[in-house]
Amino acid sequence: MNKHHIRTHLEKILPKTKKGENDEVELIVANMEREATSIADVSNSVRLGRDFGRLNAILDVKVPIEPSKRARLLKSLFRLTTCDKLGLGMQAKGLKIATRLLKKRVPSMKLTLDWRILKARIEYVQFCDKAPRGPLGAGKLVVAYRNALVKFTQKARKYFSADAGKEIAKEIGDLSSCNDYVSFELLKAQGFLALLLPNREGIEVTQEQLDRWFHDWSRVSRSSDWDTNWFFIMDRVAKFSKSKLKWSHLIPQIFSRIMDTLRLPVGKAKNPPERSWDTSLQIFHPSANMPSVKMSRAAKLVIRLLNTPETMPSLIKFLRTVRTFFHPSNTGKWSSPLGIFLGRLCTSLAKRVGSEAALSSTKKLDEKMLRSFLDALFPIVFQALYVSFSLFFSLS
């Protein structure tokens, strides 16, 4: 029986609530609000456990939740999972439920979450060396709780305040304060910047900050995690910044970093080994598929910047440079990231052209520009037809 049938049967069996009566969701909301605002140091974990289970069941069968109740639930869960009133297991469950509630986009939901509380929580459970460390009953931060905390933060950042972008760029984004070129504090600050920078309209980033971030990007080389974070940051700035930023002088550096992160072989010389991060900094990269995510984000960034005149000529030069690596006899470790990048480049461009046509946008991509891109792409696609590597074949 699928979820639709389950929901239909539940609607027939459960008594319908009249206006003014408390339904099941309202009861759960009231219980969580009472626990979240309670002065007691320890919450009623048994009752909360039941409420968590009932709420998971409601979300499984997709029972509609009013935006106001959804916001109240999230505020209560936010309070309960950012303090030590609950045990580690209960906090992880609460964060997973809160993440599920945030997955559905509800434009009418009025919710504002404080980014400083989330940052302080991550600092406390991951980087605090003083005893006691971590949430109640935990000597170390377990992987499940860490992943739940980061995934919730990734969903919650679209609900940060309107000034959050400006505050984060000012308080965390000044990486020049880290004197050493490669230091733990530098990598941690950049990780927090990538994790917390909001993905919503109206990010306030000045031209000076953007230029300084590109300068900071060049401070570390041969680090996949470092490049991944910067691709995330720049993609968000290009998409959501309300300032008219100049990217022309930065395009060569973007393609240079893409070439660097692909780790393409040059002659007979071996590539130098990659820099590895401290294990505690892996909290900023919970996904096991980060190389794929990194190349996808790099491709999206390139497509977002196509309105900049220097982007398309640089992209065509890049495609001509990597063309030999699509030859059937020239596959290696670079094949997977290169195939992912080119595949995402094509899908992102197709989506952009489609959305511009549907919305009758005045800033459409020039047809001549698109033809030049296709002329550079077709030779690569024809070569990829004969490659046994599955990713290249699907690309062609």
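Residues numbered from 1 in each chain as written. Predicted model: local features only at pLDDT ≥ 70, side-chain atom pairs only at ≥ 80, totals over all residues. Heavy atoms only, no water.

Focus: the nonpolar core
Note that soluble globular proteins tend to have their nonpolar side chains buried in a common cluster.
Working step 1: If you look at the biggest cluster of nonpolar residues, it comprises 116 residues, and the most contacted ones within it are Trp247 and Ile258.
Working step 2: Residues contacting Ile258, with those up to four places away along its chain left out, are Phe231, Met295, Ala298, Val302, Phe318 and Phe341. (Core = buried A, V, L, I, M, F, W, Y, C linked by side-chain atoms within 4.5 Å. Buried < 20%, exposed > 50% of the residue type's maximum accessible area, 1.4 Å probe, protein only. Contact = heavy atoms within 4.5 Å.)

Here we look at the confidence of the model for the protein chain
In low-pLDDT segments, the atomic positions of the prediction should not be examined closely.
Working step 1: Taken as a whole, the protein chain shows an average pLDDT of 80; of its residues, 83% reach a score of 70 or greater.
Working step 2: When pLDDT is averaged over each helix and strand of the protein chain, the minimum, 53, is found for helix H1 (residues 3-13) and the maximum, 92, for helix H14 (residues 311-322).
Working step 3: Predicted confidence for residues 17-22 stays below pLDDT 50, and this span has three contacts to residues more than four positions away or in other chains.
Working step 4: Throughout residues 130-138 the model reports pLDDT below 50, and contacts reaching past four residues in sequence, or to other chains, amount to 20 contacts. (pLDDT = per-residue confidence, 0-100. Helix = DSSP H or I, 4+ residues; strand = E, 2+ residues; numbered from the N terminus.)

Digging into helix H6 (residues 115-127)
Working step 1: Taking 1.5 Å as the rise per residue, H6 with 13 residues should run 18 Å; its terminal C-alpha atoms sit 17 Å apart, in good agreement.
Working step 2: Where H6 is concerned, the buried positions are Trp115, Leu118, Arg121, Ile122, Val125, Gln126 and Phe127.
Working step 3: A side-chain oxygen of the first residue of H6 lies 3.0 Å from the backbone nitrogen of Arg116; this N-cap is Asp114. (Expected span 1.5 Å × (residues − 1). Polar contact = N/O pair within 3.5 Å; in protein donor to acceptor, adjacent residues only side chain to side chain.)

Examining the packing of aromatic side chains
Working step 1: Per the counting criterion, the structure on display carries 14 aromatic pairs.
Working step 2: Here Phe78 and Phe152 contribute two aromatic rings whose centre-to-centre distance is 6.2 Å and whose plane-to-plane angle is 35 degrees, an arrangement assigned as tilted. Placement of Phe78 in helix H4 (residues 67-80) and of Phe152 in helix H7 (residues 143-156) is noted, with a sequence separation of 74 residues between them.
Working step 3: Among the residues examined, Phe78 registers a relative accessible area of 9% and is labelled buried.
Working step 4: Overall, Phe152 belongs to the buried group, its relative accessible area being 1%.
Working step 5: Residues Trp213 and Trp230 carry aromatic rings whose centres are separated by 6.5 Å and whose planes lie at 45 degrees to one another, so their mutual orientation is tilted. In this pair, Trp213 sits in helix H10 (residues 207-217) while Trp230 sits in helix H11 (residues 224-240), placing the two residues 17 residues apart along the sequence. In terms of burial, Trp213 and Trp230 fall into one category: buried.
Working step 6: One aromatic cluster is present, built from ring pairs that chain together Trp213, Phe214, Trp217, Trp226, Trp230, Phe231 and Trp247.
Working step 7: Here the guanidinium or amino end of Lys119 rests over the ring plane of Phe192, the centre of that ring lying 4.9 Å away.
Working step 8: It is Lys188 that lies over the ring of Phe127; its NZ or CZ is 5.0 Å from the centre. (Phe/Tyr/Trp six-rings, centres within 6.5 Å; stacked < 30°, edge-to-face > 60°. Lys NZ or Arg CZ within 6 Å of the ring centre and 35° of its normal.)

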